[in-house]
Amino acid sequence: MKTRPKIRTLDIMPDENKLTCSIKDFHDLTLMELYNIMHLRDVVFVVGQKITAECEVDGEDPKCSHLLLYLEDTLIGTARLFLEESPISVGRIAIHTDQQGKGYGTRLMEFIADFLGERNATMHAQAHLETWYASLGWKRVGEEFMEAEIVHVKMTKNQ
Ligand SMILES: CC(C)(COP(=O)(O)OP(=O)(O)OC[C@H]1O[C@@H](n2cnc3c(N)ncnc32)[C@H](O)[C@@H]1OP(=O)(O)O)[C@@H](O)C(=O)NCCC(=O)NCCS
């Protein structure tokens, strides 16, 4: 029997900012949460990085659980996790363009690591971020490859 991912919430920076993080199954998202995730990804990937070689809304989201990182009441970060896959695939990691470079991405990745625990995970990382992901415990596997016209590397965790 399939178990649906539980909603996880953790106050991860209680003393510095009102930053909260949760991971929800697609079917548990409210309409507003879904809209905000799509809007955030559009701002970051389509407008910010000009990624148009592949559809941002690619039809895969209903299979995923979605991370929502809020600064007070504003969604500033997101990611999606294919929890039914083994290893778990992580993607669409994004911090709002206005909030990048302030440490929130690192917090987001720490939350993902906490959520994963010992479970194996994989992702296609933009190659220029390899050192950062490596500092967070991800390991590069294999050669660089092109995806959405951007150089990527496969990275794994707990493998
Ligand atoms: C990548 C991203 C999630 C990081 O979030 P962030 O809040 O900016 O990250 P932090 O402030 O915690 O900084 C973490 C690291 O990001 C790295 N980084 C962020 N943007 C970078 C860029 N354009 N080039 C190189 N490194 C970058 C830095 O190495 C930084 O490490 P440092 O503090 O040791 O210098 C965010 O910048 C983002 O959404 N970028 C656009 C979308 C994207 O590339 N997503 C990842 C796809 S694999």
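Worth saying up front: this structure is predicted, and the values here are computed from it rather than measured.

Enquirer: Can you help me understand unusual backbone geometry in this one?
Expert: Residues Ser86 and Pro87 are joined by a peptide bond in cis, for which omega reads 0 degrees. Tracing the backbone through its elements, the reader meets Pro87 in the loop between β4 (74-82) and β5 (88-95). For Arg92, which is not glycine, the phi torsion reads 50 degrees and is therefore positive. Among the structural elements, Arg92 can be located in strand β5. Notably, Ala148 is not glycine yet its phi reads approximately 50 degrees, a positive angle. The residue Ala148 is located in the loop between β7 (139-147) and β8 (150-157) in this model.

Enquirer: Whenever I open this one, the site of the ligand confuses me. Can you help?
Expert: Neighbouring the ligand are 17 residues; Ile95, Gln100, Gly105, Thr106 and Trp132 lie closest to it. Among the elements of the structure, β5, α2 (104-116) and β6 (121-126) are those that each provide at least two residues to the shell around the ligand. Grouping the constituent residues of the shell around the ligand by class yields 8 nonpolar, 8 polar and 1 charged.

About the cut-offs
- Residues numbered from 1 in each chain as written.
- Predicted model: local features only at pLDDT ≥ 70, side-chain atom pairs only at ≥ 80, totals over all residues.
- Helix = DSSP H or I, 4+ residues; strand = E, 2+ residues; numbered from the N terminus.
- Near = placed C-beta within 6 Å.
- Nonpolar A, V, L, I, M, F, W, Y, C, P; charged D, E, K, R; others polar.

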